[in-house]
Every structure is written in C-alpha cells, then in structure tokens.
Amino acid sequence: MAQLLTERTVLTTLAALAVLGMFVLLCRARRVSTSVEDATLAALHRVTSAAPHLREGLNQESADKTGPHLRELLACVAVGIVDADGTLLTWDGEANHHYADLRTKIEQVLRTGKRDFLDHGDVVCEQRPCPMRHAAVVPLEVEGQVRGVLTVIAGGDRKRLLRAAAEVAHHVSTQLELAELQESKERLAQAEVRALRAQISPHFIYNALNTISSLIRTDPEHARDLLQEFADFTRYSFRNSGLYTTLADEIRNIDRYLTLESARFGPDRLNVQLKIAPEVLPVVVPFLALQPLVENAVRHGLANKPGGGTVSVTAEDNGSEALISVDDDGIGMDPELLDAELANAHLTGAHVGLGNINNRMRATFGNDYGLVVETEKGAGMKVIMRVPKFAPGVRPEPLAVEEPGVGLAAGPAAGR
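The model shown is predicted, which means the values in this text are computed figures rather than measured ones.

Another aspect to go through is the overall build of the protein chain. Of the regular secondary structure elements, the protein chain holds twelve helices and twelve strands. Considering the protein chain as a whole, with its 416 residues, one finds that 48% of them fall into the buried category. Contacts in the protein chain between residues at least 24 apart in sequence constitute 68% of all its contacts with a sequence separation of at least 6. Summed over all atoms, the accessible surface of the protein chain reaches about 20,500 Å², with 51% contributed by carbon and sulfur.

As structure tokens, this is what we get:
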C-alpha cells in the first residue's frame, strides 16, 4: 500500500511538470495580446477541468467529457480518443471525414506504442477548404502498456503539433495511471476488509450462540435480547458495501460484541468501560477499524488472565482529530516480540488484524496516522488511533438497514 501511495505522489509530480510544459507551449503559440498570465490561467483551467473525468478511467463517457477540454487546450481542429481495442470513444471537432484515413496509423500505434503522423497531402480529400493540415497519433501508455491512442488534428505547424500532442498524451496517460492506482487501492482495501471479516473468530460465533442457547430456558428475555444483539452484530460486520463508516456506528458494533462476550464470561471476569465524547461520533473511520482491536484485547489480553479484567474504549476530541484508544489490563506481551510478529503477520497470520488496521489507517490518512501500541508483559496493552476529522475522499456509506442505537447520540457512555 505504501508503494502505491509513493507511486501516486511521483505520478502527480510528473503530471504537474507536464502541465507546466503545456503552459509554455501554449504561451509561445499565442500571437494575440493576451498576457502570459492569462494564458497560463486558461491552460490551468482546461487541464484541471479534464483531470476529474480522466480519473474515471478510459471509457466513452470520460472521453466525451475530456475531448472538448483537450481541444481547447491545444487550440486545434479536432481531438479523437481511441481505446486499446481500437474503438473510437470520442471525436470532438471537425475533419471527422479523415478518421478513415487515420485508421491504419491508429492500429499501428496501438501495436508498436510509437507515435505517428499524417499530412493532408498524403490523403485524398474532396473537401475544399479542409481544416486539417496535419494529424498526430500518439499512444496513451500506463506502466508500459498501450491503453489507447490520442489523435490530434491541426491546421498549423507540424513540429509544434507533435510536441503539444506528446505533452497532452503524457498528461492523459498520467491521469489514467492514477485512475488505475486508485482502483488498485480500492480493491486492496476491499480485500483487507474481507480479511478482517474472516478474522472474526468462529469460536466467538459458536460461543455466542452457545451462550444464547443456554439462556433460553433459564432467562428467555435475556436470550432474546442477546440474539438481537448477535443479529445486529453480524449484519453490520458482514455488510457488502462501504469502506468507511462513522465512529458512532463502530462504537455501536463494539457495544454489541462486548455485550455478547460479557454474557459469556460473566460481569466478574469481563468489565467494560466505554467513554465516548459526543462531538467525535460523526468522525469517519475505516470500516471495522475498532472491533478487531477490541476482540484482540478480549481474546489475547483477558481470556488467559486469571480472574479476567477490564477493556476500556475511549474516544476524545483532540482539536482537528479524534483520539481513540482500546486499553486492556490483561497479560500484555513483550513489545519486541510484538514488533517481530507484526513484521511477519502476512506470512504467519499472527496479529493480522492489528497489522491490517495499521496499514489501512496509513493508506487512508497518511503515514503519520499509523497505530501506536503500548504494551509490556504482564502490564496489558493499549492501542492508540488518531483520526482526522476531515480527509479528502473519505466519506461514510449509509447503512441499508436502520439499526437500533445504544444511546450514544445523547452523550458519553459510562462504564458498565
């Protein structure tokens, strides 16, 4: 994931340099009284207007939206965009009667990945006057693979046309590469969520159902309440959509989990404290970012401790961030051993939930937002998470089914 983000930063920088190159070409080409500053601003507007559509990937809709911006940027007769299969996605401008003359060139560029051009004098044209003087056919490449072709029709100087078309094609290719990186990031995030779901202990599910079953005869009302908590917990944890959710929803799910575990262990062995500041409830967090930390505290911290202990979940307002911690007074572990196990978690499966959440936090909010773990053998464990109150592109997806709350909206939850 860190590698994806590094590549994304490099590509963004290259895109900015390409834009500056286009600015220079545009300013040199102008023969009117428009100032260099105005030309630069106009070019910047056109480039930024095209970028969001290119981030959607290369398809007919994005090509139709991008074509007019590229044609204005190049001040050319027409712009055509062709996909990797040779299908014309869009043609914005005139001289479309010459598209048939360009087909051979386009197919050759798709095969070789090398740009080509066509002069009007090399084709038969019955239109007088014809706006086309030259045409440039330039590949759109992502990671060395040709993803399509950009065709530019111009009525001016051929040398300038080739340079400008190459610069624009590089910019388009960079945006397409960013789109693929974003898609890869989302696929990876979805895979990590699936991995976290798989980590929800089958033993927990078995034990929860066994606990409910044992109460059906002795305390049927309590059993019914626990069964509802179990249903809500599984509905939330195994939902099919959404990479992000609100802290309020995560806390509700933690409350369900701890209610079920308290029924199994008994209040004397598992004490629970939830201290949640109401002002941080709307903060957006990665889906299933907290439940695995709480499960880790119960299963590894307290289950093997004689007499049990206490799990505390705290969420505080910290200026522009929410400060969240999951703390237990269980058996703890050697911090050096924990570091070693986290380093090989993808191979051994040890603490995979902890490593998974750490990676997702860093990928979502930046490298400064990784988890902080404080532990020592015999002294419990505390996992601290900092979450910015706002992050671009990070939005929760509403639940399809309205779920019953646990009273969090009214204020902080007291220790139980």
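Looking now at the packing of aromatic side chains. All told, the structure shown has four aromatic pairs when counted by the stated rule. Residues Phe233 and Tyr257 carry aromatic rings whose centres are separated by 6.1 Å and whose planes lie at 35 degrees to one another, so their mutual orientation is tilted. Residue Phe233 is located in helix α7 (residues 220-237), and its partner Tyr257 is located in helix α8 (residues 247-265); the two are separated by 24 residues in the primary sequence. Judged by its relative accessible area of 0%, Phe233 falls in the buried class. The exposure class of Tyr257 is buried, given its relative accessible area of 0%. Geometry around Tyr369 places Arg386 over its ring, the cationic atom sitting 4.6 Å from the centre.

Inspection of the secondary structure puts Ala303 in the loop between α9 (291-302) and β9 (309-318). Taking the C-alpha atoms as reference points, Ala303 and Gly330, 27 residues apart in sequence, are found 8.2 Å from one another. Apart from residues no more than four positions distant in its own chain, Ala303 is found in contact with Phe265, Arg269 and Val298.

Moving on, we come to the pairing of strand β7 (residues 270-276). Sheet faces and side chains relate simply in a regular strand, where the side chains alternate between the two faces. Residues Leu270, Val272, Leu274 and Ile276 line the buried face of β7, whereas the alternating positions Asn271, Gln273 and Lys275 sit on a face that is not buried. Bridge analysis of β7 against β9 gives seven bridges, and the strand direction is parallel. Its bridge partner lying in β9, Lys275 is registered against Thr314.

Turning to the state of the cysteines, a few remarks are in order. Per the stated rule, a full pass over the model turns up zero disulfides. Here Cys125 is not cross-linked by a disulfide; its sulfur's nearest cysteine counterpart is in Cys130, at 3.8 Å.

Moving on, we get to the side chain of His120. Tracing the backbone shows His120 in the loop between β3 (116-119) and β4 (134-142). With relative accessibility at 18%, the residue His120 sits in the buried group. Residues contacting His120, with those up to four places away along its chain left out, are His98, Cys125, Cys130, Met132 and Arg133.

Taken as a whole, the protein chain shows an average pLDDT of 78; of its residues, 73% reach a score of 70 or greater. The low-confidence segment residues 1-6 (pLDDT under 50) makes eleven contacts with residues lying over four places distant or belonging to another chain. Contacts of residues 29-34 to residues separated by more than four positions or lying in other chains number five contacts, the stretch itself having pLDDT below 50.

Before going further, it helps to spend a moment on the sheet that holds β3. Adjacent strands of a sheet pair through backbone hydrogen bonds, lying either parallel or antiparallel. Pairing within the open sheet is antiparallel, and its five strands lie in the order β2-β1-β5-β4-β3. The sheet terminates laterally at β2 (88-93) and β3, the two strands that pair on one side only. The sheet shows a mean angle of 15 degrees between the axes of neighbouring strands, taken without regard to direction. Sheet topology note: the β4/strand β5 (residues 145-154) ladder contains nine bridges and is antiparallel. Looking at the pairing, Val137 lines up with Thr151 of β5. Strands in contact with helix α3 (residues 60-74) are β1 (78-83), β2 and β5; relative to β2, the strand with the most contacts, it is inclined by about 35 degrees. The strands touched by helix α4 (residues 99-112) within the sheet are β1, β2, β3, β4 and β5, with β5 carrying the most contacts at an inclination of about 150 degrees.

Reading the values: the criteria
Along every chain, residues carry numbers that run from 1 in the direction the sequence is written. Only residues with pLDDT of at least 70 are given local features in this predicted model, and only at 80 or more are side-chain atom pairs given and counted; all residues enter the totals for whole chains, interfaces and linings. To get the side-chain values, take all heavy atoms of the structure and skip hydrogens and water. Helix numbering and strand numbering both begin at the N terminus, where a helix is a DSSP run of H or I of at least 4 residues and a strand a DSSP run of E of at least 2. When a residue's accessible area, from a 1.4 Å probe over protein chains only, is under 20% of the maximum for its type it is buried; when over 50% it is exposed; and in between it is partly exposed. In this analysis, two residues are considered to be in contact whenever any of their non-hydrogen atoms come within 4.5 Å of each other. Residue exposure ignores everything except the shown protein chains as possible cover, and the areas themselves are Shrake-Rupley values with a 1.4 Å probe. The pairing test for Phe, Tyr and Trp rings, Trp by its six-membered ring, is centres within 6.5 Å, and the orientation test on the planes gives stacked under 30 degrees, edge-to-face over 60, and tilted for anything in between. As a reminder, the over-ring test applies to NZ of lysine and CZ of arginine, requiring each to be within 6 Å of the ring centre and within 35 degrees of the ring normal. When DSSP finds two or more bridges between a pair of strands, those strands are recorded as paired. The term disulfide is used for any two cysteine sulfur atoms that are within 2.5 Å. Confidence of the predictor at the level of single residues is given by pLDDT, which spans 0 to 100. Angular values range over 0 to 180 degrees, each being the angle between N-to-C directions of two axes fitted as lines to C-alpha atoms, with helices fitted over their stretch in contact.

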